[in-house]
Amino acid sequence: LSVEDLTIDTGVQQMILKSRDEGVKTAFDRNSEIGARCTFGELGVCCKRCLAGPCRILPGGKGPQTGVCGATADQIVARNFLEMVAQGMAPHIEHAREVALTLLETAEGKAPYEIKNPEKLINIASRLGLTVDGKEIEEVAKDVALKALESFQQQYGILPWLEMNANQKTLARWKELNIIPANAHQELTVAINRVTMGSDADPVNLLLGVMRLGITDGYAGLHLSTDLQDVLFGTPGLVKSKYRLGVIKEKMVNISVHGHIPMLADKVVEWAEKLEDEAKAVGAEGINVFGICCSANEVLMRKGIPVATNFASQEAPILTGAVEAMAVDIQCVMPSLPTVSNDYHTEVITSLPYSKIPGASHIEFTPAKADEVAQAVVRKGIANFGKRDPEKMQIPPEIVDAYAGFSTEQIVEALKNVNPEDPLKPLVDNIKAGNILGVVALVGCTNPRVKQDWANVEMAKELLKHNVMVVATGCSAHSLGKFGLLSSEGLEYCGDGLKQVLTAVGQANGMEALPSVLHMGSCVDNSRIADLVSALADYIGVEAKDLPVAGSTPEIMNPKALAIGAYFLAHGVDVHVGIMPPIGGSELVTNVLTGSKEEHELTTDGLFGGKVIYEKDPIEAAHVVIERIKQKRAELFG
Ligand code: BF8
């Protein structure tokens, strides 16, 4: 395939060509080499639950239609899907647990972080029903951290963050379906238990289990992480930054942060500033920290750190020959990075004891040792500056301006400048009037199976053109940032109604206009999108399922995005996927997830109010989503 077929990012195209010249393989090459995917795997009909198998069901009714134990395609597909969603949820709940422990250690004076947002901490404590009056802020932080840790241990009742946030009507529906989680670790163990050989064999019950995991993911993973990170690192506000590989600076020590959990990334940024003189002493002009994937989002949202690229092209920064160190933590980090860096001078540094990669250096991170580890990372970068091979250096020059930092709080602040007494009114009025047709959250990944950034960008443009307000997180937001959609440049793609609203709100805030798409953060920050949707639903007096809103993940890669999708779905919010999850081998499972309530009684649409929409063409997908939005508008506003 030509590079134009692999990615629309011209800088990445240049790096793929360079890698080929230099005999280095990237994910794009490996994707072509893998070729057509295994049909059984794609359809979800391969069962590896026991040593009597693996068994696989032949599609189309030919050959064996059950495994050795008698499991049917419906049962096999449902169990595999539940397991995949559990695998997607685990990283989020572990993320949240680690942040909660960091807050606890910070409160106890054992970890070198601050409580950057005491107001948010107090607000959370009060909503959790904890006493705050007369307490030192550290004491409140400790109480909140301990309450957060109950999300992983309490045996009965409701997840604390769920109880604190959920809409009562939605909660009642979940109670009726018996899918209220009490503790995230238990949910994970139960999920694995129910899919083991000889356990849950009821496909519909298994799919209800998927929704239960989605709820767990949203409240014990996403909400908990975002809330406690805001307490520790500050709630994001409007920042201006830059995108694309051109953010790598020829004359500076370049250090990349990559992964997800912000504890190390935040400290690397801090120590890069503090150790600037040491970089100058080796002949560099300074230290330039940039990000990849969701670590990028965390430090972009709070500190305006620039972003080089997203998941599919994470090897590209190394190929520039100008990156001294890449500090990684966990999730979405390709194990190929140290192999690629063999041919360049980049030092890939892993930091967690349960996430090592052969060929990488390893500096073990704990919150207590955060300063020490971050200094070591930055000093490794400085030490590697002199090891550059000028012959191999090539930095694609393109840079694009972008705005980020649109936390729910920031959005409400911006709206307050339009209507101080009733900030949500202008937004709701414009939705009612049709200037804004609806809201779509463009979330998730890039995936070498899809031309990088293309589906994300085309989907966004088509939605904007039809006056759909777009908010974004994760690597999707990065795709949009690279192509000017996170700035007012993107207004040219917006329909008139949306353009007017974005301009009016922007001008009320001293900007030319708001960006065409609002960047709301990392993948755990999908909680922010949920908060915004809940606020709108509460304002109108309905549930999330009744609103003209949807989620879309055109270039989905990681099962984490499926867990987030299940979270949206449990709230009755449609989820568009550009790549079909492995459920096609079961008509029943496919129907439950993608069918409309009018067509089948027992669907997520019927039970929850939202469904999965599969469409790989982004323009087609935008129109399917728009039709559903129109349908929900008609039901809501008549
Ligand atoms: O959590 S969007 S490729 S980096 S999984 Fe991974 Fe997907 Fe990127 Fe962030 Ni989310």
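Remember, it's a predicted structure, so these values are computed and weren't measured experimentally.

What counts and how
- Residues numbered from 1 in each chain as written.
- Predicted model: local features only at pLDDT ≥ 70, side-chain atom pairs only at ≥ 80, totals over all residues.
- Heavy atoms only, no water.
- Donors = N, O, S within 2.8 Å, 3.2 Å for Na, K, Ca; no water.
- Tetrahedral: all angles 85-135°; square planar, octahedral: opposite > 155°, others 65-115°.
- Helix = DSSP H or I, 4+ residues; strand = E, 2+ residues; numbered from the N terminus.
- Near = heavy atom within 4 Å.
- Polar contact = N/O pair within 3.5 Å; in protein donor to acceptor, adjacent residues only side chain to side chain.
- Nonpolar A, V, L, I, M, F, W, Y, C, P; charged D, E, K, R; others polar.
- Domains from an automatic or database assignment.
- Buried < 20%, exposed > 50% of the residue type's maximum accessible area, 1.4 Å probe, protein only.
- Salt bridge = Lys/Arg side-chain N within 4 Å of Asp/Glu carboxyl O.
- Contact = heavy atoms within 4.5 Å.
- Core = buried A, V, L, I, M, F, W, Y, C linked by side-chain atoms within 4.5 Å.
- Pairing = 2+ DSSP bridges.
- Axes fitted to C-alpha atoms, helices over the stretch in contact; angles between N-to-C directions.
- Parallel < 35°, antiparallel > 145°, perpendicular 65-115°, else oblique.
- Left-handed = near helix turned anticlockwise from the far one by under 90°.
- Buried area = accessible area lost by both parts, 1.4 Å probe.

J.: Give a description of the coordination of the nickel atom of the ligand that names residues and reports values.
T.: One donor from the polypeptide reaches the nickel atom of the ligand: Cys523 (SG), at 2.3 Å. Around the nickel atom of the ligand sit four donor atoms, and with donor-metal-donor angles ranging over 90 to 161° the site reads as irregular. Of note, cysteine 523 is situated in the loop between strand 13 (517-521) and helix 23 (526-540).

J.: Describe the site of the ligand, with residues and values.
T.: Close to the ligand lie His260, Cys293, Cys294, Phe311, Cys332, Gly444, Cys445, Cys475, Cys523, Met557, Asn558 and Lys560. The side chain of histidine 260 places a nitrogen or oxygen atom 2.7 Å from an oxygen atom of the ligand. Lysine 560 has a polar side-chain atom sitting 2.9 Å from an oxygen atom of the ligand. Within the shell around the ligand, the residues separate by chemical class into eight nonpolar, three polar and one charged. Structurally, the shell around the ligand is a two-domain feature, drawing no fewer than three residues from each of domain 3 (245-392) and domain 4 (404-637).

J.: Residue-level account of the pairing of strand 11 (residues 438-442), with values.
T.: Of all five residues in strand 11, five are buried; the element is thus mostly enclosed. Side chains Gly438, Val440 and Leu442 of strand 11 all project onto a buried face; the interleaved residues Val439 and Ala441 project onto the opposite face, where all are buried too.

J.: Break down the pattern of salt bridges for me, with residues and values.
T.: Inspection of every chain in the model, using the stated rule, returns 40 salt bridges. A salt bridge links arginine 49 to glutamate 83; the shortest N-O distance between them is 3.2 Å. Separated by 34 residues along the polypeptide, arginine 49 in the loop between strand 1 (46-47) and strand 2 (55-56) and glutamate 83 in helix 5 (residues 73-107) bring together distant segments of the chain. We note a salt bridge from glutamate 409 to lysine 120, for which the minimum N-O separation is 2.8 Å. With glutamate 409 in helix 18 (residues 408-416) and lysine 120 in helix 6 (residues 118-127), this residue pair connects regions lying 289 residues apart in the sequence. A relative accessible area of 12% means that lysine 120 is categorised as buried.

J.: Summarise the environment of lysine 545; cite the residues concerned and give the values.
T.: Topologically, lysine 545 is positioned in the loop between helix 23 and strand 14 (549-553). Of the residues examined, lysine 545 reaches a relative accessible area of 23% and is grouped as partly exposed. Put simply, lysine 545 and glycine 609 are 64 residues apart on the chain and 5.5 Å apart in space, counted from C-alpha to C-alpha. What lysine 545 contacts, discounting residues up to four positions off in sequence, is Arg173, His571, Gly572, Phe608, Gly609 and Lys632.

J.: Could you give me a rundown of the nonpolar core, with the residues and numbers involved?
T.: If you look at the biggest cluster of nonpolar residues, it comprises 189 residues, and the most contacted ones within it are Val144, Trp161, Leu162, Trp174 and Ile287. By residue number, the principal contributor to this core is helix 5, which donates 16 residues. Ile16, Phe28, Val247 and Phe311 belong to the second largest nonpolar core, which has 34 residues in total.

J.: I'd like a description of the sheet that holds strand 13, backed by residues and values.
T.: If you walk across this open sheet you meet the six strands as 13-12-11-14-15-16, and the pairing is parallel. Strand pairing shows two members of the sheet lacking a second neighbour, strand 13 and strand 16 (612-614), which therefore form its edges. Shown here is a sheet whose adjacent strand axes are inclined to one another by a mean of 25°, direction ignored. When strand 14 meets strand 15 (residues 574-577), the two strands line up parallel, connected through four bridges. Paired with alanine 550 across the two strands is aspartate 574, which belongs to strand 15. Taken strand by strand, helix 24 (residues 559-570) contacts strand 11, strand 14, strand 15 and strand 16, and its axis lies near 150° from that of strand 15.

J.: Any details on the packing of helix 10 (residues 184-194) against helix 11 (residues 203-233)? Residues and values, ideally.
T.: Running from N to C, helix 10 and helix 11 point in directions that differ by 155°, and their axes come no closer than 10 Å. Comparing their axes, helix 11 and helix 10 come out roughly antiparallel. Note on packing geometry: the crossing formed by helix 10 with helix 11 is left-handed. Of the residues in helix 11, those touching helix 10 at Ala184, Glu187, Ala191 and Arg194 are Asn205, Leu206, Gly209, Arg212, Leu213, Thr216 and Ala220. Per-class residue counts for the contact of helix 10 with helix 11 are five nonpolar, three polar and three charged.

J.: How would you summarise the side chain of asparagine 430 if you had to cite specific residues and measurements?
T.: Residue position: asparagine 430 is located in helix 19 (residues 424-433). By relative accessible area, which is 18% here, asparagine 430 ends up buried. Excluding residues that lie within four positions of it along the chain, asparagine 430 makes contacts with Asn435, Ile436 and Val501.

J.: So, the domain arrangement of the protein chain: which residues are in play, and what are the values?
T.: Segmentation of the protein chain into domains returns domain 1 (3-61), domain 2 (73-233), domain 3 (245-392) and domain 4 (404-637). Each of domain 1 and domain 2 has a C-alpha centre, and the two are 33 Å apart. Summed over both partners, the interface of domain 1 with domain 2 comes to about 710 Å²; 58% of that surface belongs to carbon and sulfur atoms. Our count for the domain 1 to domain 2 interface comes out at one salt bridge. Where domain 1 touches domain 2, the interface holds five residue pairs in polar contact (both at pLDDT 80 or more). Considering only residue class, the side of domain 1 that touches domain 2 consists of six nonpolar, one polar and one charged.

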